[in-house]
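Now for the letters of each chain:
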Amino acid sequence: MNKLHLHLANLDHNFGLIRKQLSSNTAIFGVVKAWAYGSDMIKIAKRLEQIGVDYLAVAYAEEGKILREGGINIPILVFYPQIKGLQAIIDYKLEPSLYSTLLLEKFRCLLKQKKSKHYPVHIKYNTGLNRVGFNPNQANWVLEQFKEEEFDLKTVYSHLATSESSENKTNNSKQIKTFLALKKQHEDNANSNPKFHLLNSSGIFKNTKYEFDAVRCGIALHGFSNYPHLDQKLKPLASLHTIISQIHMVKKGDNVGYDLGWKASKDSIIATLPIGHADGIGRHFGNEKAWVSVNGISAPIVGNVCMDMIMIDVSGISCKEEDIVVVFGPDQNASEFAISAGTISYEVLSGIGPRVKRIIHS
Ligand SMILES: *Cc1c(COP(=O)(O)O)cnc(C)c1O
């Protein structure tokens, strides 16, 4: 009944558009973490491999393992491997981001035990997001670590805190300045010869000047750049469909849903849809914050979102039980749906629950 339709032709289109945006020798990391933003990680990764992505990237080692078991052969960067994930990194030929002394030393220990040499690794610096990464003042220590031959330093990277917003450019440029200094430090040091990358999707469309050797691209592959004017050129991959389970006539003054969340101000027609917060429609979408599309007409979500269901007001809309309802799709994309409830496309897409069937259209 609930289906997330995924149009791979749109992935091809978005990838092509991103490719065109960049200089031809800039590599693309296709970011497929979190089940490829809630879609289908293996199918998306396979398609990206086919259309020529240079690298894949995931958040955790377990995700890389699933990709390898699914038959993916191209290099996979793991952004946040965790100490517990290091063994899987080696077992599945994944490439870790090393972002702390503890993680780096543990990984080297493991490589020494296995007498493994020249293992491909990546160094992440914290230039201002204050999430993960070596402090820039640790760069000398980091550089020292590449004297020995356990590691082959593939890339050095950082992540911008404000690549999305047009304000707060100062912070962005502060981070860029710090990154440029780190880049120089690494280039001046003979212990390694890495490539450099900084930008995610929104950076690709805004700061191509700083594309360096590669970009890391996730949400733009799914059709969103975080800039509404550019979203028109990209094509959303996903449409979320449900159906009408039941229709009720309610009288003026009647309530709908838990905690009497909605009260009919006039006689109304209410449709119940079998999709709820367990499927990724969080409670913040309820109480007329968001709408869905019923036979091309928008119908507000009324009352509180339940675990398995939502109710919508279909007064004046021609519809019947079993009709298809589009939660997001051509009439309103996932980003617009997200914004209506004060969230972002990333949260809506990655939060779509496992009960929703993924349908691939190649
Ligand atoms: C998730 C992630 C990305 C991808 O970001 P998008 O905005 O989806 O392109 C890039 N880099 C890092 C470090 C990430 O964690």
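Residues numbered from 1 in each chain as written. Predicted model: local features only at pLDDT ≥ 70, side-chain atom pairs only at ≥ 80, totals over all residues. Heavy atoms only, no water.

A few points about the overall build of the protein chain
As a reminder, the rule being used: Counting from the N terminus, the helices are the DSSP runs of H or I reaching at least four residues and the strands are the DSSP runs of E reaching at least two. Only protein chains enter the calculation, and the probe is 1.4 Å; a residue is then buried if its accessible area is under 20% of its type maximum, exposed if over 50%, and partly exposed in between. Should any heavy atoms of two residues lie within 4.5 Å, those residues are considered in contact. For accessible areas, the Shrake-Rupley method is used with a probe of radius 1.4 Å. Any residue's cover is judged against the shown protein chains and nothing else.
If you tally the helices and strands in the protein chain, you get twelve helices and 19 strands. The proportion of buried residues among the 362 residues of the protein chain is 54%. Here the contacts in the protein chain between residues at least 6 apart in sequence split such that 64% fall between residues at least 24 apart. Carbon and sulfur atoms make up 51% of the accessible area of the protein chain, which totals about 16,300 Å².

As for the environment of V348
Along the chain, the position of V348 falls in helix α12 (residues 345-350). Sequence separation between V348 and M311 is 37 residues, and the spatial gap between their C-alpha atoms is 19 Å. The contact partners of V348, leaving out residues within four places of it in the chain, are F285, F328, A334, F337, A338 and T343.

Quick look at the packing of aromatic side chains
Let me state the cut-off plainly: Aromatic pairing here means that ring centres of Phe, Tyr or Trp (its six-membered ring) are within 6.5 Å. Orientation follows from the plane angle: under 30 degrees is stacked, over 60 is edge-to-face, and everything else is tilted. Cation placement over rings: the criterion is NZ of Lys or CZ of Arg within 6 Å of the ring centroid and within 35° of the ring normal.
Scanning the model with the defined rule gives 15 aromatic pairs in all. The interplanar angle of 65 degrees and the centroid separation of 5.3 Å between the aromatic rings of F179 and F212 together place this pair among those described as edge-to-face. One end of the pair, F179, is in helix α8 (residues 169-187); the other, F212, is in the loop between α9 (201-206) and β9 (214-217), and 33 residues separate them in sequence. Residue classification places F179 among the buried positions, given a relative accessible area of 0%. Each member of the aromatic cluster is reached from another via a ring pair, and the members are Y60, F79, Y80 and Y157. Between K183 and the ring centre of F196, over which it is positioned, the NZ or CZ distance is 5.5 Å.

Examining the packing of helix α1 (residues 8-21) against helix α3 (residues 41-51)
Note the cut-off: As a rule, the C-alpha atoms of each element are fitted with a line to give its axis, helices using only the stretch in contact, and angles between N-to-C directions run from 0 to 180 degrees. Any angle between 65 and 115 degrees counts as roughly perpendicular, while under 35 counts as roughly parallel, over 145 as roughly antiparallel, and the rest as oblique. By definition, any crossing whose near helix is turned counterclockwise from its far helix by less than a right angle is left-handed, and any crossing with a clockwise turn is right-handed. For this classification, the nonpolar set comprises Ala, Val, Leu, Ile, Met, Phe, Trp, Tyr, Cys and Pro, the charged set comprises Asp, Glu, Lys and Arg, and every other residue, Gly included, is treated as polar.
Closest axis-to-axis distance for the α1/α3 pair is 11 Å, and the angle between their directions is 45 degrees. Here α3 runs oblique to α1, going by the angle between their axes. Note that α1 runs across α3; the crossing there is right-handed. Across the interface between the two elements, L8, A9, L11, D12 and F15 from α1 touch I44, R47, L48 and I51 from α3. Looking at the contact of α1 with α3, its residues break down into seven nonpolar, no polar and two charged.

A short note on the domain arrangement of the protein chain
The cut-off we apply is this: Segment limits for the domains were obtained from an automatic or database-derived domain assignment. Computed with a 1.4 Å rolling probe, the buried area is the accessible surface lost when two parts are put together, summed over both parts. Salt bridge, as used here: a side-chain nitrogen of Lys or Arg that lies within 4 Å of a carboxyl oxygen of Asp or Glu.
Split by domain assignment, the protein chain resolves into domain 1 (8-222) and domain 2 (238-361). The distance between the C-alpha centroids of domain 1 and domain 2 comes to 37 Å. On the side of domain 2, seven residues touch domain 1, which itself brings twelve residues to the contact. Carbon and sulfur atoms supply 62% of the area that domain 1 and domain 2 bury against each other, a total of about 830 Å² over both sides. Summed over the shared surface of domain 1 and domain 2, the number is zero salt bridges. When contributions to the side of domain 1 that touches domain 2 are tallied by element, the ones reaching two or more residues are α1 and α2 (33-38). Partitioned by chemical class, the residues of the side of domain 1 that touches domain 2 number five nonpolar, four polar and three charged.

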